Amino acid sequence: MPDQVVTRFAPSPTGALHVGGARTALFNWAFARKHGGKFLLRIEDTDLARSTEASERSMLEDLKWLGLDWDNEGDVPRQSQHKADGIYDQAIDKLIAADRAYEEDDAIRFRMPDHDITVHDEVLGEVTVKAGQTEDFIIRKGEAGGFMPTFHLAVVIDDAAMGVTHIIRGQEHLNNTPKHIALQQALDLPTPTYAHIPLIFNADGSKMSKRDKAKTARAAAKDANLQPPPPSGEGCSPEDITAFLNKENDDITIATLIAQHLNLTLPEIEVADFRESGYLPETLCTYLALLGWNPGDDVEEQTVKRDYLSANFDLERCGKSNGKFDRDKLAAFSADAIKALPLEVLCDAVWMLNEPTLSLRFANTNDLFFQGFCEAYRERSKTLRDPVKQGAFFFVDDGAITYDFGTKNMKKAMSKGDPNGATLLAKFLPTLEALPKDEFGSAAHDAINTFCEQRELNIGKLAQPIRVAISGSTVTPPIDATLDILGKQSTIARINNCLTAFNNQ
RNA sequence: GCCCCCAUCGUCUAGCCUGGCCCAGGACAUCAGCUUUUCAUGCUGAAGACAGGGGUUCGAAUCCCCUUGGGGGUACCA
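Values in this document were obtained by computation on a predicted structure and should not be read as measured data.

(A) Structural context of the overall build of chain A. Counting secondary structure elements, chain A contains 23 helices and 11 strands. The C-alpha atoms of chain A give 30 Å as radius of gyration, which overshoots the globular expectation for 505 residues (23 Å, by more than 25%). If one aligns the C-alpha atoms of chain A with their principal axes, the spans along those axes are about 100 × 55 × 35 Å. Among the 505 residues that make up chain A, the fraction classed as buried is 50%. Taking contacts inside chain A between residues at least 6 apart in sequence as the whole, the part at least 24 apart equals 72%. As displayed, chain A offers around 24,000 Å² of accessible surface, 48% of which is attributable to carbon and sulfur atoms. Side-chain charges of chain A comprise 54 positive and 75 negative groups, with the mean position of each set lying 5 Å from the other.

Structure representation (structure tokens):
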């Protein structure tokens, strides 16, 4: 191990940071932290046409959100700048002078050596590529590419310039490594230690890509028998939608529109998607770390947090085989993490999601009713969005709750038995009305108990009709907590509405 | 096609390097039971894998070879 370990994450800013990149970043970060070294960032923007500043900004933001801090904050090198500084041209001149590179058309090609090259990989072991197996490759693009260095030349030079000692990257680069080693040798640069980590795929083995969103939206549209026009909206015409449904494009905007219209969640691919869906950054780090790395001894998710990784991560325990991204497992980790959160932290995290409906009923994070709301849903939530999703009935007007008394569960709650739920509900209403506004939930709970005991009824006989009345469904958190959050006024109003609707059906 | 990598339950994996403690352990998912005023949670239990074939060895998930399967690369993308 060198005196000072230096790792780097070097994304090309051509889109959003996606989970594969996030894991690469995480491993580089963890390895550097473990060895008290440095974790650096670099922007690989040699592809002038595809690189954007917006993408660069979003990637840095996503890394920050994940909690992966880098040590060259404020001084993140960009290859386009290095090009301007002339450091690539110097190397090219040197290679041409030594006859290790030659011009072809207006590009410059590196001459591969005629000996075998062995990569000493920390996770895969020794990989030898025979002489003649790798073709001479372009190191500087022609005029069309702005005479920019290619990725191969730029990485080699920049890694050396930044003093990078360990390169942890995806296995898609394994075949590039002999090229890079050859370049390092020709340029008299040291060869860093390499570690190629396995790739991440979808559960069905396909590549995880943005197109999955379009595919999901299309499939859902087909299932719902969505005819072309429906969701058209801002900046999107019926023709656009037809084109999208006919697979003429994979426009994410249209996919998102359809998803909203159909009320479905598109598969998360990029880090930002997971944040948007309400996953905690720590949860994503844990899941990603365990997909490809494992501390052994049956150590599982509850232990493998960022701090643990920065103290224990190593290359020896990286797996060699590709993994499949399992959303159920991530969700399970997320549910566990949410359960373990201190209440204030949970409240802040839910509030930060900026759900517009939240401020309709709650003042701020310190609102005791909001805290009750978060507490009521913590055990039921897989993501931070779940409280608002599952508790949507809290946020509508009392008159806007709709009742469908025809479904099996609703029938059971309201119509079955003698007396039936609706009758019990009507009988119980005066008792509720007589209760004080404060501590309404627990008072109501006591009243329900008494009411049922007197009549030798199972508590559910009354609790279920109340659930139905206040939520329009048979599922809510425990009655006392729910009524506490909802308050006396809304509870009474909803019960009245419900009884009216029931009698009018 | 050629080159490279990989191969344990459906999934992520422990065990493999340093063969015997492994008729293979954990987690997620699944199923069943208990808890329960709904939904969850929680608890208990069940089912579930060494890709196939050859070797080596007293003994192989562990070492070697072949086959098969999966993946990556083969760009003036990174």
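Following the structure, the description resumes.
(B) Seen up close, the protein's contact with RNA strand B. With respect to spatial proximity, 58 residues lie near RNA strand B, and among them Thr46, Lys141, Gly142, Asn294 and Arg380 are the closest. Looking at RNA strand B alone, sugar and phosphate atoms form 70% of those within 4 Å of the protein. Contact distances for RNA strand B include 3.4 Å between a sugar or linking oxygen and a side-chain N or O atom of glutamine 133. Across the surface near RNA strand B, the residue classes break down as 17 nonpolar, 20 polar and 21 charged.

(C) Here's a closer look at a positive patch on the surface. Judged by side-chain charge, Lys408, Lys411, Lys412, Lys416 and Lys461 come together as a positively charged surface patch. Sort the elements by how many residues they give to the positive patch and helix α18 (residues 408-414) lands first, with 3 residues. The exposure class of lysine 412 is exposed, given its relative accessible area of 60%.

(D) Quick look at the pattern of salt bridges. Enumeration according to the criterion identifies 27 salt bridges in this entry. In this structure, arginine 42 engages glutamate 44 in a salt bridge whose closest nitrogen and oxygen atoms are separated by 2.7 Å. Note on accessibility: arginine 42 and glutamate 44 belong to one class, buried. A salt bridge links lysine 213 to glutamate 270; the shortest N-O distance between them is 3.5 Å. Taken together, the residues lysine 213 in helix α7 (residues 211-223) and glutamate 270 in the loop between α9 (252-262) and α10 (271-277) connect sequence positions 57 residues apart. No difference in accessibility class separates lysine 213 from glutamate 270, as the two residues are buried. It is possible to trace a salt-bridge network through shared partners that takes in Arg8, Arg42, Glu44, Asp158 and Asp159.

(E) Spotlight on helix α4 (residues 87-97). Every buried residue of α4 is listed here: Tyr88, Ala91, Ile92 and Leu95. The arc that holds the buried residues of α4, viewed along the axis, is 100°, so those residues lie on one side. Among the exposed residues of α4, those pointing more than 90 degrees away from its buried face are Gln90, Asp93 and Ala97. Where the residues of α4 are buried, they touch α3 (79-85), β3 (101-104), β4 (107-110), β7 (137-140), α5 (151-161) and α6 (177-186).

(F) Examining the layout of surface pockets more closely. The volume enclosed by the largest pocket comes to roughly 1,200 Å³. Around the largest pocket, the lining is made up of 38 residues, and of these Ser12, His18, Gly21, Glu172 and His173 lie nearest the centre. For the lining of the largest pocket, the secondary-structure elements that each account for two or more residues are β1 (6-9), α1 (19-34), α5, β8 (166-170) and β10 (200-201). Among the elements that line the lining of the largest pocket, the one with the most residues is α1, at 5 residues. Partitioned by chemical class, the residues of the lining of the largest pocket number 15 nonpolar, 13 polar and 10 charged. Its volume calculated, the second largest pocket comes out at about 980 Å³. Leu264, Thr265, Leu266, Ser277 and Lys389 are, among the 26 residues lining the second largest pocket, the residues nearest its centre. Contributing elements (two or more residues each) for the lining of the second largest pocket: α9, α10, α13 (327-340) and α17 (386-390).

(G) Structural view of empty space enclosed by the protein. By the definition in use, this model includes 2 cavities of 30 Å³ or more. Its residues assigned to classes, the lining of the largest cavity comprises 6 nonpolar, 4 polar and 1 charged. In this structure, the second largest cavity occupies an estimated 30 Å³ of space. Taken together, Thr283, Thr286, Glu301, Lys305, Phe333 and Ala337 make up the full set of residues lining the second largest cavity. Mapped by element, the contributors of at least two residues to the lining of the second largest cavity are α11 (281-290) and α13. Taken together, the residues of the lining of the second largest cavity sort by class into 2 nonpolar, 2 polar and 2 charged.

(H) A look at the environment of lysine 34. Turning to its location among the elements, lysine 34 is positioned in helix α1. On the basis of relative accessibility, which here comes to 32%, the residue lysine 34 falls in the partly exposed class. For the pair lysine 34 and histidine 120, spaced 86 residues apart in sequence, the C-alpha to C-alpha distance is 21 Å.

(I) Structural view of the nonpolar core. Within the largest apolar cluster, 56 residues are counted, with the highest numbers of intra-cluster contacts made by Phe373 and Met414. Here this core gets 7 residues from one element, more than from any other, and that element is helix α20 (residues 440-455). Once residues within four sequence positions are removed from consideration, methionine 414 is found in contact with Phe405, Asn420, Gly421, Ala422, Leu425, Pro465, Val468, Cys498 and Phe502. Val5, Leu26, Phe325 and Leu330 belong to the second largest nonpolar core, which has 48 residues in total.

(J) Focus on the sheet that holds β4. Strand order in the open sheet made by the 3 strands is β3-β4-β7, with antiparallel pairing throughout. Pairing within the sheet leaves two strands with one partner each, and these edge strands are β3 and β7. Ignoring which end each strand starts from, the neighbouring axes of this sheet average 45° apart. Here β4 pairs with β7 via 3 bridges, running antiparallel. Bridge pairing in β7 links phenylalanine 110 to phenylalanine 137.

Quick notes on the rules
As a convention, each chain's residues are numbered from 1 in the sequence order in which they are written. Whichever chain is written first is A, and whichever ligand is written first is 1; the rest continue in order. The predicted origin of the model limits local features to residues at a pLDDT of at least 70 and limits the giving and counting of side-chain atom pairs to 80 or more, whereas totals for whole chains, interfaces and linings rest on all residues. For side-chain calculations, the full set of non-hydrogen atoms in the structure is used, while hydrogens and water are omitted. In this text, helices come from DSSP runs of H or I with a minimum length of four residues, and strands from runs of E with a minimum of two, each type numbered from the N-terminal end. Here the globule rule is a power law, 2.2 Å times the number of residues to the power 0.38, and the radius of gyration is based on C-alpha atoms. For every residue, the accessible area obtained with a 1.4 Å probe (protein chains only) is divided by the maximum for its type, and the residue is called buried under 20%, exposed over 50%, and partly exposed between those limits. The contact criterion used is simple: two residues touch if any of their non-hydrogen atoms lie within 4.5 Å. With residues, only the protein chains shown are counted as cover, and all accessible areas are computed by Shrake-Rupley using a 1.4 Å probe. Counted as positive: Lys and Arg. Counted as negative: Asp and Glu, with His and the chain ends omitted from the count. Throughout, a charge is located at the NZ atom of Lys, the CZ atom of Arg, the CG atom of Asp or the CD atom of Glu. Throughout this document, a residue counts as near a molecule or strand when at least one of its heavy atoms sits within 4 Å of that molecule or strand. In the analysis that follows, any N or O atom pair within 3.5 Å is treated as a polar contact, provided that within protein one partner can donate a hydrogen and the other can accept it, and provided that, for residues neighboring in sequence, both atoms belong to side chains. Charged residues are taken to be Asp, Glu, Lys and Arg, nonpolar residues to be Ala, Val, Leu, Ile, Met, Phe, Trp, Tyr, Cys and Pro, and polar residues to be all remaining types, Gly included. Residues qualify for a patch when their relative accessible area is over 30% and they have no salt bridge, like charges being joined within 9 Å and the nonpolar side chains of Val, Leu, Ile, Met, Phe, Trp and Tyr within 5 Å. The salt bridge criterion pairs a side-chain nitrogen of Lys or Arg with a carboxyl oxygen of Asp or Glu, the two atoms within 4 Å. For this quantity, the arc is that covered by the directions from the helix axis to the C-beta atoms. A cavity here means a set of points on a 1 Å grid, drawn over the protein atoms and nothing else, where a 1.4 Å probe fits but cannot get out; a pocket is an open set with protein on both sides within 12 Å along at least five of seven lines, and a residue lines either one if it has an atom within 4 Å of a point. Grid points are joined across faces, edges and corners, and a volume is the space filled by probe spheres set on the points. Working definition of a nonpolar core: buried Ala, Val, Leu, Ile, Met, Phe, Trp, Tyr and Cys residues. They are joined through side-chain atoms within 4.5 Å. If DSSP finds at least two bridges between two strands, the strands pair. For helices, the fitted axis covers only the stretch in contact; all axes are lines through C-alpha atoms, and the angles between them, taken along N-to-C directions, range from 0 to 180 degrees.

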